[in-house]
Amino acid sequence: MRLSLLSLAAALFGGPAFAEPVGDSMLPLTETVAQQTITGTVTSATDNTPLSGVSVAVKGTARGAATDDLGRYSIPASAGETLVFSYLGYISQELIVGQSATMNVQLQDDAESLDEVVVVGYGTQRKSDLTGSVGVLSGEDLLQAPVSNALQGMKGRVAGVNVFLNSGSPSGSPRILIRGLGTINSSSNPLFVVDGVAMENIQFLNPNDIERMEVLKDASSTAIYGARGANGVILITTRRGAKMTGTIVGYDGFMNVGVLPRKIDVLNSAEWLEVIERGFANHSKYSTGTIPTLSREDPRLFDAQGNPLYDTDWQEEATRTAVSHNHQFSVQTKAENSSFGAFINYANMQGIMLNNALERINGKVAYDAKPKEWLSLGINLLANYTKENEFEEGGGHQMPRRSMLEMVPIFPVKFPDGTWANSSMITDPFGLEAIPNPVHVLETQDRLRKRQQLFGNAFLTFHILPGLDLRTQFGFDKHDTNIQEYSPTDLINISQPLGRAYLENQRSFYWQEETYLNYNKEIGDHRINSVLGLSWQQRVYANNSISAEGFADDFFRFNAIQSASQPGAPNSSYDKWAMNSYFLRGSYSFKNKYLVTVTGRIDGSSRFGENNKYGIFPSAGLGWVLSEESFLSDVQGLDEFKIRSSYGITGNTEIPTYQSLGTISTGTTLLNGARVSQSFVNRLPNPNLEWEKTNQFDVGFDLALFNRRLTVAFDYYYKLTTDLLLDKPVPTSTGFTGVRDNIGSVSNRGIEVLVSGAPVANEVFNWQSTINFSYNKNRIEALGENDEDIFPGPNWVSGSQTILRVGEPLSSFWGYRRLGTWGTDEAAEAAAVGAIPGVAKRSSERQIIGNGLPEWVGSFVNNVRYKNFDLTVDLQFVLGADILQQFTHSMEDRTGLSNGLATTLYDAWTENNQNTMVQQIRNGAYSGQNSEVDDHWVADGSYLRGSLVSLGYSFGDLTLTNLNLRGLRIYASVQNAFLVKSKDFKGYDPEATSWGGDQWGQNIFFFQYPNPRTFTIGTSFQF
């Protein structure tokens, strides 16, 4: 019996989008010329079966129709007009209407669509032959939002890939996790491979240069990278020469404006002064010490009646409307046996914080040639220069992201005489903390970073036999970074009175040489795709730095560091690692039904112990294309149904060098009044130190329906990372507290779902919609022999604010439970624990109070095209994450020392308001404070974000002909259009960290750089 899925199509997308009744027209007719009704049948050229839902349109008009279940159509058209027949998975066809009223059409399969080729390690494969889990992102998708960072464009686009932007700064460094966090002391970053060469940091790679990205997620796809594949691999293919003979010149550019989308609700001058008065009034409840008489007499700040002269909105003053622009020029050519591409990019990106900006100049050339039938060659060279005034984002400190919220509003930016204000410039005894003026810091402090990168590769490919190639390539990645910092002599609590300068130069050079054989052959029902090769890699890093204090004035800044009266000791370091590897992969397909992939790699690394220099990383994958079986071949509307599974082992070699060795530290010390050199052993050796290993199982399916109008990809995975690198305790009699060893394990299990559909697809109107979401559950499985708790930090108020505990996830917050505030009827009970009514009531013991890693992450992307207009709406969401709002410590749990949240006044405990979580107001300088990490600091980190709304227009053939252009598009967009978040989150954005260097620090922050709302206009054209 012949099955049908058309009823499902109608339910999902509305039947008429797939098959309309014969004679129905999709749009009203507006033409008045003589017409006739053209009818016919559209069939597949492969098997002559009728095709339903084929779009039939009269070119250049609004007239259109669609074929019915039997492939029939009917449309009014005049002789000489052109009918366009288009259908996903088939090559579009154009026919000119003649005198006949019947036009039957056969559409050819679009082999490129059906046999899409994806990049995998050291080669390519047909997507239909994959047994692993690979996410694909085109350059067009990456640039739908006008981004300056490739990772920004990835966010929400690939299931199982979680990109944390964490900062609104143009130089902020996003964090990326693929299928969860599986390490504690090693890097969690995936391996980035650009045109076959590992790139250390793609943060400053020009996204306009990217043609496509493949994300390798499971062991079957990542094991070819062995000891560097445990965190996933991102393969980036950049643009090269033209694909068709001729020359194409192109331009892409945009200008955008970024604004602060929302402000944190802090106290104004009147409200803050009321808090001060209440704090003074409540002093006797908390201290027996004396307190000065409260006054408002400083003439620079108050009038004769004691009213404040200023009410400064420091968030307004420290931020700006940021104007940025980006320009990309390209020239691509192709001759008979060669192609060439040249690309240059200039970007100037302002941050919304004052004086924060990034400037980038990027140039790239690529040349490919085939001088002989047996030889192909190519070269790729990229030069990248960036200059920025960096914004400090880590930890606490008195930096602008903090002081623009805590600086008291009664102070101006500058006094009338031009003097910068700060919190110490007051004669009234308020007891303020020393807080630098945030505008003063932003305008006068230098945090310059100048980076130069040279990156490239060259290859030779010898075509030995049909299907057998030998490729050898050399690639390198060179980085030079120059850091110049100066903090002036008048920045209180930062560099007053001495001033401080710091200079550092960092240099790194990475190279790799790889030679491998590729065999790709189809013999009857058999298809073989294999690779066998070897690799050498090495990286050398060196740096030197110097700091100094004691400058007479700020004239020379960092340009004459020798003028400082207190020079610091110079520092330098050197670092080197190397790897030697052997790898293979064999993929086999029989009758396009049965798929097998076997992969293996042997890596030897200098980073590990003498007894474990080499590791073996194997994997195997199986696939079964059920849709090719006879029992499913008659299912109408089923294009592909493939189930696949894989298992393998990958490693993580990204740890600091020399960890297996007993190393020696050096420095100087004072001896008999003279400075002399000293050396001491600072680490015990461990010759058995080896890789962290990730064992990963994956099972999933790929489903395509209705001529690929609806596609579904599903994966379930289980990752177990063992041999985690931790410090194992040793007897203190050794002189050390621990030795680095392989003693821990972490698991990640989850699902990934990607659903993509085209509810409407024709020449006039096209709507494509993609939903992707993933769920991940992280769990610590072991921590050494006795599974003791570990407290890794960050160590701040109440000690370590996170905990590593078996059975719990990484990034678990550690603190007390806040049970409310003590009431007046609980005075005796409060006294028993040393408290009084009005202070926080907390649990007696610390416990896990939240987790910063989200469980659910996803996006819903809609791309709509009507005639020449295109609209993109991108929604992104996160569920199941918590946020540790460390700023609650200084902006609510203590009062009087600085400005604070509005809740300190309006929700604070009073005798008439005792059912509250906010403590009674007191003055921290005179009455002390009560601040501990507890779950009142924790907020729900779930959110829904309008990530992108973009509207564009592509000019038609007539305009392009008149302008002598190949293409022209203009667009306007808004990023971060809206944000729906929990009410208990009081910060700027629920995605941030102040502890970017710590694996467990996600969603833990003291203060943050706001994520701007960005409005963009742009254009692109080619000729």
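See above for the structure.
Scope of this entry: the structure provided in the associated data block. (Residues numbered from 1 in each chain as written. Predicted model: local features only at pLDDT ≥ 70, side-chain atom pairs only at ≥ 80, totals over all residues. Heavy atoms only, no water.)

Pairing within the open sheet is mixed, and its three strands lie in the order β47-β46-β50. In this open sheet, the two edge strands, each paired with only one partner strand, are β47 (938-940) and β50 (1004-1005). Inspection of the sheet shows strand β46 (residues 882-885) paired to β47 by three bridges, in the antiparallel sense. From the neighbouring strand, Ile883 faces β47, where its bridge partner is Ala939. (Pairing = 2+ DSSP bridges. Helix = DSSP H or I, 4+ residues; strand = E, 2+ residues; numbered from the N terminus.)

Turning to the pattern of salt bridges, a few remarks are in order. One pass over the structure, following the stated rule, counts 54 salt bridges. The shortest N-O distance in the salt bridge between Glu752 and Arg179 comes to 2.7 Å. With Glu752 in strand β35 (residues 738-761) and Arg179 in the loop between β12 (175-178) and β13 (191-194), the pair connects residues that are 573 residues apart, well separated along the chain. The exposure classification of Glu752 matches that of Arg179, with both residues buried. Two residues, Arg447 and Glu485, come together in a salt bridge whose shortest N-O distance is 3.9 Å. Of this pair, Arg447 sits in strand β22 (residues 446-465) while Glu485 sits in strand β23 (residues 468-487), and the two are 38 residues apart along the sequence. Here Arg447 matches Glu485 in class, with each residue buried. A single network of salt bridges, built from pairs that share partners, joins Arg179, Lys217, Lys642, Arg644, Asp698, Asp702, Asp715 and Glu752. (Salt bridge = Lys/Arg side-chain N within 4 Å of Asp/Glu carboxyl O. Buried < 20%, exposed > 50% of the residue type's maximum accessible area, 1.4 Å probe, protein only.)

Here we come to unusual backbone geometry. Looking along the chain, the bond that leaves Gln496 and enters Pro497 is cis, with omega of 5°. Tracing the backbone through its elements, the reader meets Pro497 in the loop between β23 and β24 (500-523). Residue Pro794 is bonded to the preceding Gly793 through a cis peptide linkage, with omega at 0°. Looking at the element boundaries, Pro794 is found in the loop between β36 (765-783) and β37 (795-796). The phi dihedral of Arg557 falls on the positive side, at around 55°, and the residue is not glycine. Following the sequence through the fold, Arg557 ends up in the loop between β25 (526-549) and β26 (566-567). One non-glycine residue, Ser811, adopts positive backbone phi at about 65°.

Scanning the entire structure with this criterion turns up 35 aromatic pairs. Centre to centre, the rings of Trp272 and Phe430 are 5.6 Å apart; their planes meet at 70°, and the pair counts as edge-to-face. Residue Trp272 is found in helix α6 (residues 269-281), and its partner Phe430 is found in the loop between α9 (400-406) and α10 (438-444); the two are separated by 158 residues along the sequence. Its relative accessible area of 1% is what places Trp272 among the buried residues. Chaining the aromatic ring pairs together yields one cluster made of Trp796, Phe887, Trp937, Phe985, Phe1005, Phe1006 and Phe1007. Here Arg945 stacks its cationic end above the ring of Tyr943, 4.9 Å away from the centre of that ring. (Phe/Tyr/Trp six-rings, centres within 6.5 Å; stacked < 30°, edge-to-face > 60°. Lys NZ or Arg CZ within 6 Å of the ring centre and 35° of its normal.)

That is the geometry; function is a separate question.
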